[in-house]
Amino acid sequence: MIFPDVRMRRTRAHAWSRSLVRETVLLAEDLIWPVFIHQHASSSSIIAMDQVCRLGVDQLLKQAERLHRKGLQAIAVFPVIEPEHKDDMGSYALDDSNFLFSAISKIKQHLPTLGVIADVALDPYTTHGHDGVLAADGSVDNDRTCQILAKQAVKLLQAGADVVAPSDMQDGRVRVIREHLESLSMHYGLILSYSAKYASAFYGPFRQAVGSAGSLAGKSKDHYQMDFHNIKEAYIETQMDVSEGADWVMVKPAMAYMDIICRLSASINVPIMAYQVSGEYQMLMKLADGNEDQVRALFYETLVGIKRSGASAIFTYAAPVMVDFLSS
Ligand code: PBG
């Protein structure tokens, strides 16, 4: 294939010919909207994330209903817990009075065809900000944490969630959760495992949004989240989660990890989700600097790239603006 016989610009010359040969198509149906939900009726803005607010359940319902009509298929709910409900065990995660349970029930009641994904981890609930309970040395106690997470998963599904998504990165938690669900005849609870979740500086704005940043006070999650220098452990983590009973797996963050998405999608035969995380979102919002066309262009390009690399669906805080754009 040598110039001048091959002129790649022939195909690129027209909009119609460019569309005919397009390999990747991004749909509103490919996006999952992560939402911060709190127990108050009115919204509160998140300083670290432009145009993202913590929402009351009724506000969330209103927005989700509109977006669902335009093609959005699922939301992922993240609770913002008041400091007085936090303790070192994250007990409120299992407390029947936790507002998240009634919020999920309400969402499913009003929008039964919208998928609801609920995070399984203790970080919104713990005073120390870690995803599980601590051992004497201050590290997360793996096996005790798994038992608590399994109970949390059961309660989230009982409240009406369709998918439970362990984001805690403890070893063996998918098996413990799956066994709990099967023993209770909860055969159809989907598990989306955050399998390849790297210890990333891009989670900063999320931690500010849910209030775990202050709790963590600079402590890292390096002893359980993955080391971003590595590829091999992404295979092991993902294969392990699939064999333990995960229906879907996740790569997170997305944009600095597209090689991981690409490699896993070539070798793992379950759907792979990608999470364009809070820091990635904010980075693009800062670049767009209030220009709405730029916002759409930057998210369109990066989301197409993430899908092209092999993701089945993508978590993105830009879902509201992109669902509008993609369905117009
Ligand atoms: C914690 C959790 C985190 C995110 C989702 N679940 C943060 C963390 O691991 O500290 C980050 C998402 C984002 O940055 O958008 N269980």
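Residues numbered from 1 in each chain as written. Predicted model: local features only at pLDDT ≥ 70, side-chain atom pairs only at ≥ 80, totals over all residues. Heavy atoms only, no water.

**Quick word on unusual backbone geometry**
For residues besides glycine, phi is generally negative; the peptide bonds are generally trans as well. Cis geometry marks the peptide bond from F3 to P4, where omega comes out at 10°. For A217, which is not glycine, the phi dihedral falls at a positive 45°. Examined against the element boundaries, A217 turns out to sit in the loop between helix 8 (212-216) and helix 9 (232-244). Residue classification places A217 among the exposed residues on the basis of a relative accessible area of 60%. With phi around 50°, D289 is a residue other than glycine that occupies positive phi space. Its place among the elements puts D289 in the loop between helix 11 (278-288) and helix 12 (292-308). (Helix = DSSP H or I, 4+ residues; strand = E, 2+ residues; numbered from the N terminus. Buried < 20%, exposed > 50% of the residue type's maximum accessible area, 1.4 Å probe, protein only.)

**Let's talk about the site of the ligand**
As a structural note, the neighbourhood of the ligand is formed by 17 residues, with S167, R207, K221, K252 and Y317 the closest of them. In this structure, D131 approaches the ligand through a side-chain N or O atom, which is 3.1 Å from a nitrogen atom. S278 places a polar side-chain atom, nitrogen or oxygen, 2.7 Å from an oxygen atom of the ligand. A molecule is said to occupy a pocket when more than half its atoms come within 2 Å of that pocket's grid points, and by this definition the ligand occupies the largest cavity. (Near = heavy atom within 4 Å. Polar contact = N/O pair within 3.5 Å; in protein donor to acceptor, adjacent residues only side chain to side chain. 1 Å grid on protein atoms, 1.4 Å probe; cavity = no way out; pocket = protein on both sides within 12 Å on 5 of 7 lines; lining within 4 Å. Sits in = over half its atoms within 2 Å of the grid points.)

**Looking at the environment of A196**
With respect to the element layout, A196 can be found in strand 7 (residues 190-197). A residue is classified by how much of its surface remains accessible, and A196, at 1% relative accessible area, is buried. Along the primary structure A196 and I236 are separated by 40 residues, whereas in three dimensions their C-alpha atoms are 9.1 Å apart. When sequence neighbours within four positions are dropped, the list of residues in contact with A196 reads M226, A234, T238, M250, V251, K252, I260 and L264. (Contact = heavy atoms within 4.5 Å.)

**Remarks on the nonpolar core**
Note that soluble globular proteins tend to have their nonpolar side chains buried in a common cluster. By size, the foremost hydrophobic cluster in this structure holds 109 residues, and its most contacted members are W33, F36, I75, V77 and F315. In terms of residues, this core owes the most to one element, helix 5 (residues 142-159), which gives 9 residues. (Core = buried A, V, L, I, M, F, W, Y, C linked by side-chain atoms within 4.5 Å.)

**Some words on the pattern of salt bridges**
Here the structure, examined in full by the defined rule, presents 13 salt bridges. For K70, the salt bridge identified is with D324, shortest N-O distance 2.8 Å. Of this pair, K70 sits in the loop between helix 3 (57-69) and strand 4 (74-79) while D324 sits in helix 13 (residues 319-326), placing them 254 residues apart in sequence. A relative accessible area of 35% places K70 in the partly exposed class. A relative accessible area of 24% places D324 in the partly exposed class. For D123, the salt bridge is made with K221, and the minimal N-O distance between the two is 4.0 Å. Of this pair, D123 sits in the loop between strand 5 (115-120) and helix 5 while K221 sits in the loop between helix 8 and helix 9; the two residues are 98 residues apart in sequence, bridging distant segments of the chain. (Salt bridge = Lys/Arg side-chain N within 4 Å of Asp/Glu carboxyl O.)

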